[in-house]
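Topology and contacts: notes
In case you want the letters, here they are:
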Amino acid sequence: MWNDRLPLKSQAEHLLVGALALLLIFCTGNKSHAAEGSALIQPELQENFIIVSPQHSYDLNPHTASYSAEAQILTGLYEGLFSYDPITLDPLPALATSYRISRDKKRWTFILREDAKYSNGAPITAQSVRTSWLRLLANPNAVYASLFDIVEGAEAFRKGTGSADGVGIYVSDQTTISIHLKMPAAHLPKLLCMPTFAVISDNPTVYSGPFELEDMDGSHFILSKNTFYYDAQKVPLNHITILLSNDEAENTHGFNTGAVDWLSSTFDTDKLLVKDAVHLYAEFATQYFFFRIRENSIWRIPALRQAALEAVPWEALRANTYVHASTLVYPLNGYPKAQGYEYTDKTEAKLLMKDARKAAGLSENEPLAISFAIPNSDYMKKKAEALKEAWSEIGIALTIVPLPEFEYLSKITETDADLFSYTWIGDFADPIAFLELFKGNSTLNPSHWKNEEFDELIRKANEATDNGEHYKLLAQAEQLLLDSGEVLPITHSISLHAVNLLQVGGWYTNALDIHPYKYLYFKEQKVESAPNVI
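Rules used in this analysis
Within each chain, residue numbers correspond to sequence positions counted from 1 in written order. Totals for whole chains, interfaces and linings use all residues, but because this is a predicted model, local features are given only for residues with pLDDT of at least 70 and pairs of side-chain atoms are given and counted only at 80 or more. Side-chain numbers here rest on the full set of heavy atoms in the structure, without hydrogens or water. To qualify as a helix, a DSSP run of H or I must reach at least 4 residues; to qualify as a strand, a run of E must reach at least 2; elements of each kind are numbered from the N terminus. By this rule the span expected of a helix is its residue count minus one, scaled by 1.5 Å. Exposed residues in this analysis have more than 50% of their type's maximum accessible area, buried residues have under 20%, and partly exposed residues fall in between, with area computed by a 1.4 Å probe over protein chains only. It is the directions from the helix axis to the C-beta atoms whose arc is reported. When DSSP finds at least two bridges between two strands, those strands are taken to pair. In this description, contact between two residues means that some pair of their heavy atoms is separated by no more than 4.5 Å. Contacts described as polar in this section are N or O atom pairs within 3.5 Å, which, within protein, must combine one atom able to donate a hydrogen with one able to accept it, while residues neighboring in sequence count only if both atoms come from side chains. What counts as an axis is a line fitted to C-alpha atoms, over the stretch in contact for a helix, and the angles between N-to-C directions run from 0 to 180 degrees. Here is how to tell: hold the view so the strands point away, follow the path from the first strand over the helix to the second, and if it runs clockwise the crossover is right-handed. For salt bridges, the criterion is a side-chain nitrogen of Lys or Arg within 4 Å of an Asp or Glu carboxyl oxygen. Pairs were defined over the aromatic rings of Phe, Tyr and Trp, the Trp ring being its six-membered one, requiring ring centres within 6.5 Å. Orientation was assigned from the angle between planes: stacked under 30 degrees, edge-to-face over 60, tilted for the rest. Only Lys NZ and Arg CZ are tested; either one counts as a charge over a ring when it is within 6 Å of the ring centre and within 35 degrees of the ring normal. For this classification, under 35 degrees means roughly parallel, over 145 means roughly antiparallel, 65 to 115 means roughly perpendicular, and everything else is oblique. Note: crossing handedness is left-handed where the near helix turns anticlockwise from the far helix by less than a right angle, and right-handed where it turns clockwise. To define a nonpolar core, start from buried Ala, Val, Leu, Ile, Met, Phe, Trp, Tyr and Cys residues and group those joined through side-chain atoms within 4.5 Å. pLDDT measures how confident the predictor is about each residue, on a scale from 0 to 100. Gly counts as polar in this scheme, as do all residues outside two lists: the nonpolar Ala, Val, Leu, Ile, Met, Phe, Trp, Tyr, Cys and Pro, and the charged Asp, Glu, Lys and Arg.

Bringing helix α12 (residues 378-392) into the picture now. Taking 1.5 Å of rise per residue, the 15 residues of α12 would be expected to cover 21 Å, and the 21 Å separating its terminal C-alpha atoms lies within 8% of that figure. Looking at α12, one finds that the buried residues are Met380, Lys383, Ala384, Ala386, Leu387, Ala390 and Trp391. Seen end-on, α12 carries its buried residues on one side only, within an arc spanning 160 degrees. Opposite the buried face of α12, by more than 90 degrees, sit the exposed residues Asp378, Lys382 and Glu389.

Structure (structure tokens):
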């Protein structure tokens, strides 16, 4: 999913270096959410929880939504066969109570709970699940639909060359549904945690999750508990109000005065009165630049891209970032590290560029034009200017094309440019969550880069039943991608939140920056509101 939070500003840089080192962890050692115990939750305190999230246009259709803040809300409104554990991110049984896998690992059969209902009281059945998934595959704007290409017949149906009857999703009875895969896919339960694969009614005002949308406008969302939800008695909060704001001063003031319980948007750490409320940690995410492969563009030629990347001012691009990224995939335990981009070599860049020009039939001194479409922010302008200056030394003339910051992602497909910026949060803890963005037939591929060897490595990795072999093949695919000069890794992203854990329970740091609403609650220990300060 795309990270829709503003880049961290200087406010976060004032945190103590020692404390930062402790906070920059992939997944913290929080105690189990079950350990807190429902006995500690006082129902009379659980009326309305106030959250501040980034201000921009929100898409609350799980099939087409792709921003991280949207995913956060959608995990409260919709649920599928599995849901995220709030700490480990492991799949937890949700609408499915159990499942079994065939000997060849290609057929998964799920048993659904009999008490599953939509927010209007209608039953959620195995047919509801199948209908929802088919609607996802049929939606041309469903950005994650290609993740289901592992299912027999799904890709053909998605592309309009096959029928719904040919999709390997079968209903046996009211509570039994099976998925027939083209290849083994051990990551299927992780995939089914995503809101994209939740069960969605054909009525957009009906929900399958612990909450339902009561009210919304351009400034807020109000969620209320779904009383028909199968686990409603274990959902502490009755209402959640999500305010949309990028006003740093106003957000900070609201938290200090107790008007806000969780800041998930821009705020000033220096002016927060409760310093322990700040939570800064690394995400399973990467900011990177990528080339748009266009038929008539010289930048479709790998040798030219490879030469350009040797001259990239990596130190300048990674300045003022916390976790430098030399590769695309965030390092996971057991995942072989690819050879990334660590340093700038201008001499090598000039030699490679000379050879690449000659092979492409380009004049040795002719300026090579390239356009870089960026979000219109100071953060990105500085990086683009550094790249422009460095590339000018090897005959590349870069033009900067600023786009409105919170419309940037939606404008990528319609913008005529050669280079773009992305910040991507993996939706599940597997390298495929990043590499899917460069598969030739993927709905998540805005670069239009295609490589048959890369796609074949992904296919073999998905077939591998051994996790070590799975990782090995994916690392080979990532290496091929990096060696082609297609991506410029910049930094692994950082999450910054403010939530006082003396007052709030059920909130935990985790690598995907997803904090399911169903676990949130106010603790018995109430913290007095701070003085009315700015």
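Next comes the rest of the account.
Let us look at the pairing of strand β4 (residues 96-101). As defined by bridge partners, β4 adjoins strand β5 (residues 107-112) across five bridges and the pair is classed as antiparallel. Pairing of Ser98 across the sheet is with Ile111, part of β5. The hairpin formed by β4 and β5 contains five residues between the paired strands, and Lys105 there has a positive phi angle of roughly 65 degrees.

Taking 1.5 Å of rise per residue, 15 residues should cover 21 Å, and helix α11 (residues 346-360) covers 21 Å from first to last C-alpha, within 8% of that figure. Each element contacted by the buried residues of α11 is listed here: α9 (302-310), β15 (368-375) and β16 (396-403). Between the side-chain oxygen of the N-cap and the backbone nitrogen of Thr347 there are 3.3 Å, and the N-cap of α11 in question is Asp345. Gly361 sits one or two residues past α11 and shows a positive phi near 75 degrees.

With that out of the way, let us pick up the sheet that holds strand β10 (residues 239-244). In spatial order, the strands read β8-β9-β10-β1-β11-β19-β12; together these seven strands make up an open sheet with mixed pairing. Across the chains shown, the open sheet's two edge strands, defined by having one partner strand only, are β8 (211-217) and β12 (278-282). Docked against the sheet, helix α4 (residues 68-77) engages β8, β9 (220-225), β10 and β11 (262-263), running at close to 135 degrees with respect to β8.

A separate point is the pairing of β15. β15 sits mainly inside the fold: seven of its eight residues count as buried. Pairing of β15 with β16, which is carried by eight bridges, proceeds in the parallel orientation. Residue pairing in the sheet places Ile370 in a bridge with Leu398 of β16. Once you follow β15 into α12 and on to β16, the crossover reads as right-handed.

Counted by the stated rule, this structure contains 14 salt bridges. Between Lys439 and Glu436 there is a salt bridge, and its shortest N-O distance comes to 3.5 Å. Residues participating in the shared-partner salt-bridge network are Glu155, Lys159 and Lys182.

This part covers the packing of aromatic side chains. Scanning all chains against the criterion turns up 28 aromatic pairs. A ring pair is formed by Tyr99 and Phe110, whose centres lie 5.8 Å apart and whose planes are at 40 degrees; its orientation type is tilted. Taken together, the residues span a long stretch of sequence, with Tyr99 in strand β4 and Phe110 in strand β5 at a distance of 11 residues. On the basis of relative accessible area, Phe110 is assigned to the buried category, the value being 0%. Summarising the aromatic geometry, the rings of Phe148 and Phe197 are spaced 4.7 Å apart at their centres and angled 35 degrees between planes, so their arrangement reads as tilted. Taken together, the residues Phe148 in the loop between α5 (126-138) and α6 (154-158) and Phe197 in the loop between α7 (188-191) and β8 connect sequence positions 49 residues apart. Put simply, the rings of Tyr144, Tyr288, Phe290, Phe420, Tyr422, Trp424, Phe438, Trp449 and Phe454 touch in pairs and so form one group of aromatic residues. Positioned above the aromatic ring of Tyr230 is the side chain of Arg113, whose terminal nitrogen or guanidinium carbon lies 3.9 Å from the ring centre.

The next point concerns the environment of Pro210. For Pro210, the location among the structural elements is in the loop between α7 and β8. Overall, the relative accessible area of 1% leaves Pro210 in the buried class. Sequence spacing of Pro210 and Gly468 is 258 residues, and the spatial spacing of their C-alpha atoms is 37 Å. Ignoring any residue separated from it by four or fewer positions in sequence, one finds Pro210 in contact with Thr75, Gly76, Glu79, Ser224, Lys225, Asn226, Tyr229, Val235 and Lys518.

Time to look at the sheet that holds strand β6 (residues 169-173). Spatially, four strands are ordered β4-β5-β7-β6 in an open sheet, and the strand pairing comes out antiparallel. Two strands close off the open sheet at either side, each with one partner strand: β4 and β6. Geometrically, the sheet is characterised by an average inter-axis angle of 20 degrees between neighbouring strands, direction not taken into account.

So, about the environment of Val499. With respect to the helices and strands, Val499 occurs in strand β19 (residues 494-499). A relative accessible area of 0% places Val499 in the buried class. The spatial distance from the C-alpha of Val499 to the C-alpha of Val274 is 9.3 Å, given a sequence separation of 225 residues. Filtering out sequence-adjacent residues up to four positions away, Val499 remains in contact with Phe255, Asp261, Trp262, Ala277, His279, Val504 and Trp507.

With that settled, consider the packing of helix α15 (residues 452-463) against helix α16 (residues 467-483). Here α15 crosses α16 at 165 degrees, and the two axes come no closer than 8 Å. Put simply, α15 runs roughly antiparallel to α16. The handedness of the crossing between α15 and α16 comes out as left-handed. Mapping the contact onto sequence places Glu453, Phe454, Leu457, Ile458, Lys460, Ala461 and Asn462 in α15 and His470, Leu473, Leu474, Gln476, Ala477, Glu478, Leu480 and Leu481 in α16.

Ranked by size, the top nonpolar core spans 166 residues in total, and within it Leu81, Phe110, Trp133, Phe148, Trp391 and Tyr517 carry the most contacts. If one sorts the elements of this core by residue count, α16 sits on top with eight residues. Setting aside residues up to four positions removed in sequence, Phe148 forms contacts with Trp133, Leu137, Ala154, Ile169, Leu188, Leu191, Leu192 and Phe197.

Turning our attention to the confidence of the model for the chain. Considering every residue of the chain, the mean pLDDT works out to 90; 91% of them sit at 70 or more. Ignoring residues within four places in sequence, the model shows residues 8-35, a span with pLDDT below 50, making 55 contacts including any to other chains.

To continue, consider the packing of α9 against α11. The interhelical angle for the contact between α9 and α11, taken along N-to-C directions, is 165 degrees, at an axis separation of 7 Å. In this view, α9 runs roughly antiparallel relative to α11, as classed from their interaxial angle. In terms of crossing hand, the pair formed by α9 and α11 is left-handed. Across the interface between the two elements, Ala303, Leu304, Gln306, Ala307, Ala308 and Glu310 from α9 touch Lys346, Glu348, Ala349, Leu352, Met353, Ala356 and Arg357 from α11. In terms of residue class, the contact of α9 with α11 is built from eight nonpolar, one polar and four charged.

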